[in-house]
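# Survey of secondary and tertiary structure
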Amino acid sequence: MRRTRLSVIIPTVALAAIFVAALACRAGGGASAGASAGIQQLMQARNLSEENVTAALKTYTPTGVKDEYYIFASGGHSGQVLVIGVPSMRILKVIAVFTPEPWQGYGYGDQTTELLRSGDRDGMQLNWADTHHPALSETGGDYDGQYLFINDKANARVAVISLHDFTTKQIVYSDLIRNDHGGTFVTPNTEYVIEGGQYPAPLGGGYEPIESYQEKYRGAVIFWKFDREKGRIVPEQSFAMELPPYMQDLSDAGKLASDGWAFINSFNTEMSYGGNAEGNPPLESGASQNDMDYLHIINWRKAEELVAAGKFETIAGTRVIRLQTAIDEGILHLVGEPKSPHGVDVTPDGTEMVVSGKLDTHATVYSFEKIKALIEQKKYAGMDGFGVPILPFEETIRGQVEIGLGPLHTQFDGDGNAYTSVFIESAAAKWSLKDLQLIEKIPVHYNIGHILAAEGDTVNPDGRYLVAMNKWALDRFADVGPLLPQNFQLIDLTGEKMQLLADLPIPIGEPHYAQMIKADKIKPITAYTPVGINPNTDQEDPFKVVGGEEGIERKADGVHVKMTAVRSHFTPDTIRVKKGDTVHLHITNVEQAHDATHGFAIASYNINLSLEPGEHANVTFKADKAGVFPLYCTEFCSALHLEMAGYLLVEP
Ligand code: K7E
Ligand code: CUA
């Protein structure tokens, strides 16, 4: 976990030398002032403190120099994923996932439209999502840089993104649940992608009166089977477990010592369902009566065996272990957790789980060894209303740390420290796992939700950087009206004290969680090879076009246009069809040069593609409007880019 330290120390030392020189100048030193005097003047002119300058030196990334880490952040309501470089905090990409995205042509050609539409539910075209928790694929509990998963809380969907080309490959959902939150989290070898539901409803859809909440409404967690070879989730090999109608919240997969287990928080063990205009307490207070909620402890390895042995029912096409089966087979246990918990985070060695509650000032540290022993001895404090055994709280924990008001999520470094976000206090707290002592708090701006550290939820955290994902920005940036951006704040963990380095406003939805991975683990392609790849299938498209085979052909199913794109022309560049024709465009960017992307747009027909080098795209449309429609390349690809154009002629 220390192997990258040295490489960091060297530039830091060099930068520090420059800084010291600057300070020496200010102290009245150098006659040969030069650059140092210049720095001093700059500091004065811009009213910068020494701390500001060290922060700048630690994050400034000259042109051409690449970042040490990637952050993959949820894009919140945008339904997308943000890619950010660390320490520069430059946004590198927005990956289109659940929402149409014009720059990437996502949702405008046949393949990406098909992908986007595969996520439609309930007969609705879904063109947005509420993405919360991205999860990088893992091998042995460490990020391997191959895949990324993300959930859509609003519609209970999960997407698979390949980091080979940074594009979305698959969207899956089960009608078993209506929304999710405890996902995505992956098991240590990405055997499963965990998607925990949130607001209970009748499993599989359908209507039941809200008064029957306790009898008819249920929670559930889905274990989506991931086929790494194919790079796709396999719904037929996935399974779910029915849970009591508490509101299940965040989850985490066990690792090392706790491999084979999953942990899910919950709130609303009161099973309140609102109705504040009907004489009931509002959901928020109804759900906050009990002092304890329940941490769900699930043996997924054994659940997998039960499913293989046929001990499931199929609901909404998903194999479901019923609650009674889970109880009978001893694969589901509960233990109390302080009021309205939010994050559950497994420590790097897998021996402990850290839970913090929104309405409790502590982080509670559970011992997996103790939990396992209690389960083996069947030593219960009682059963819940559904017959699920409850472990005795006091005997499962190692201790509690007083963190502050509203602790939410926890991450780890490689030196035995934990970092917990403290929402109400607007702070990030550093504490020692060993002796459960608070070490230091740093203010953040403002109302921090999740927190992330470099590789901070793996078996091998890096430490070094922490990012506070703040919900409110208030006075941090130039005013932009009543809707403000979110604020990511980068914090340096390498010094004696935590130091705030940089702010990054996020103007595209509310990211909830993010993960930070070493940049050298990500090895994306620079072009699709061989020419003619369909990124959806990662295979050569059956309609791919090679240079010399271009042309227009009228067939039974319409007019097929076989086109190539190369700087700076489309061939053919004139498309003649008749009104009413079905037109099939097959366009291959035959280039292999790095960054030689061409766009392809036809106004009035809503056609907009991005053709990366080597990529092939198909577009089918009905030429139902007669007229003259210019077509052109939308990426400034060359000196003659403006000339990369042509015409679609639709004869009346
Ligand atoms: Cu705290 Cu969805 Cu993880 Cu929002 S969640 S912060
Ligand atoms: Cu191709 Cu502009």
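Here, the structure is the one placed above.
Keep in mind that this is a model prediction, so the values were computed, not measured. (Residues numbered from 1 in each chain as written. Chains lettered and ligands numbered in written order. Predicted model: local features only at pLDDT ≥ 70, side-chain atom pairs only at ≥ 80, totals over all residues. Heavy atoms only, no water.)

### Observations concerning the overall build of the chain
- From N to C terminus, the chain includes 10 helices and 45 strands.
- Its C-alpha radius of gyration of 27 Å places the chain within 12% of the 26 Å reference for a compact globule of 652 residues.
- Classification of the 652 residues of the chain by burial places 58% in the buried group.
- Pairs at least 24 apart in sequence give 60% of the contacts found in the chain among residues at least 6 apart.
- Averaging the coordinates of the 54 positive side-chain charges in the chain and doing the same for the 82 negative ones gives two points 3 Å apart. (Helix = DSSP H or I, 4+ residues; strand = E, 2+ residues; numbered from the N terminus. Rg over C-alpha atoms; globule rule 2.2 N^0.38 Å. Buried < 20%, exposed > 50% of the residue type's maximum accessible area, 1.4 Å probe, protein only. Contact = heavy atoms within 4.5 Å. Lys, Arg positive; Asp, Glu negative; His and termini not counted. Charge placed at Lys NZ, Arg CZ, Asp CG, Glu CD.)

### What about the pattern of salt bridges?
- Here the structure, examined in full by the defined rule, presents 31 salt bridges.
- As a salt-bridge pair, D492 and K58 come within 2.7 Å of each other at their nearest N and O atoms. Placement of the pair is D492 in strand β31 (residues 486–492) and K58 in helix α3 (residues 50–59), with a sequence separation of 434 residues.
- With a shortest N-O distance of 2.7 Å, E425 and K441 are connected by a salt bridge. Separated by 16 residues along the polypeptide, E425 in the loop between β26 (417–422) and β27 (427–432) and K441 in strand β28 (residues 437–443) bring together distant segments of the chain.
- Through salt bridges with shared partners, one network takes in D142, E455, D462, K518 and K521. (Salt bridge = Lys/Arg side-chain N within 4 Å of Asp/Glu carboxyl O.)

### Section: the sheet that holds strand β25 (residues 407–412)
- Here 4 strands make up an open sheet; going across it, the order is β25-β26-β27-β28 and the pairing antiparallel. Each having just a single partner strand, β25 and β28 make up the two edges of the open sheet. Strand-to-strand twist in this sheet, taken as the mean axis angle between neighbours without regard to direction, amounts to 25°. (Pairing = 2+ DSSP bridges. Axes fitted to C-alpha atoms, helices over the stretch in contact; angles between N-to-C directions.)

### Section: the pairing of strand β45 (residues 645–651)
- Residues G646, L648 and V650 line the buried face of β45, whereas the alternating positions A645, Y647, L649 and E651 sit on a face that is not buried.
- Pairing between strand β39 (residues 574–578) and β45: 5 bridges, direction parallel. Each residue of the ladder has a partner; that of I575, found in β45, is L648.
- With 6 bridges connecting them, strand β44 (residues 627–632) and β45 associate as antiparallel partners. If you follow F629 over to β45, its bridge partner there is L648.

### Overview of the packing of aromatic side chains
- Tallied over the full model, the rule gives 20 aromatic pairs.
- For the ring pair Y213 and Y217, a centre distance of 5.2 Å and an interplane angle of 35° mean the geometry is tilted. For the pair shown, Y213 and Y217 are each scored as buried.
- Between the aromatic rings of W261 and F368, the centroid separation amounts to 5.4 Å while the plane-to-plane angle is 70°, which identifies the pairing as edge-to-face. Of this pair, W261 sits in strand β14 (residues 261–267) while F368 is found in helix α9 (residues 368–377), placing the two residues 107 residues apart along the sequence.
- Residue classification places F368 among the buried residues on the basis of a relative accessible area of 3%. (Phe/Tyr/Trp six-rings, centres within 6.5 Å; stacked < 30°, edge-to-face > 60°.)

### A few points about the nonpolar core
- Core analysis: the biggest nonpolar cluster contains 34 residues, and V221, F223, M241, I298, I321 and L332 have the highest contact counts within it.
- Of all the elements, helix α7 (residues 300–308) adds the most residues to this core, at 4 residues.
- Counting residues in hydrophobic clusters, the runner-up holds 27 residues, among them V561, L585, F629 and V650. (Core = buried A, V, L, I, M, F, W, Y, C linked by side-chain atoms within 4.5 Å.)

### Points about unusual backbone geometry
- With an omega dihedral of 15°, the bond running from V86 to P87 counts as a cis peptide bond.
- A positive phi angle, close to 55°, is found at L436, a residue other than glycine.
- Turning to its location among the elements, L436 is positioned in the loop between β27 and β28.
- By relative accessible area, L436 is classed as buried at 11%.

### A look at the side chain of D457
- In this fold, D457 is placed in the loop between β29 (448–454) and β30 (463–470).
- No salt bridge is formed by the buried D457; the nearest opposite charge belongs to K255, separated by 5.9 Å.
- Within the structure, the side chain of D457 is placed 2.3 Å from the side chain of Y143, a separation counted as a polar contact.
- Apart from the residues lying within four places of it in its own chain, the contact partners of D457 are Y143, K255, Q411, Y513 and Q515. (Polar contact = N/O pair within 3.5 Å; in protein donor to acceptor, adjacent residues only side chain to side chain.)

### Topic: the site of ligand 1
- Around ligand 1, the surrounding shell consists of H132, H133, H181, L250, H342, H409, G449, H450, K471 and H512.
- Broken down by secondary-structure element, the contributors of at least two residues to the shell around ligand 1 are β4 (131–139) and β29.
- Class assignment for the residues of the shell around ligand 1 results in 1 nonpolar, 8 polar and 1 charged. (Near = heavy atom within 4 Å. Nonpolar A, V, L, I, M, F, W, Y, C, P; charged D, E, K, R; others polar.)

### Observations regarding the side chain of S432
- Position of S432 relative to the elements: it lies in strand β27.
- Each residue touching S432, except ones within four places of it in the same chain, is listed here: G416, N417, Q437 and I439.

### Thoughts on the sheet that holds strand β15 (residues 292–299)
- Taken in spatial order, the 6 strands line up as β13-β14-β15-β18-β23-β22 in an open sheet, and their pairing is mixed. Looking at strand neighbours, the two that pair on one side only are β13 (247–253) and β22 (382–383), the edges of this open sheet.
- Summarising the sheet, strand β18 (residues 332–338) and strand β23 (residues 389–391) pair through 2 bridges and their orientation is parallel. Bridge pairing in β23 links V335 to L391.
- Contacting β14 and β15, α7 runs over the sheet at an angle of about 55° to β15.
- Docked against the sheet, α9 engages β14, β15, β18 and β23, running at close to 95° with respect to β14.

Any functional reading would require information beyond the geometric quantities listed.
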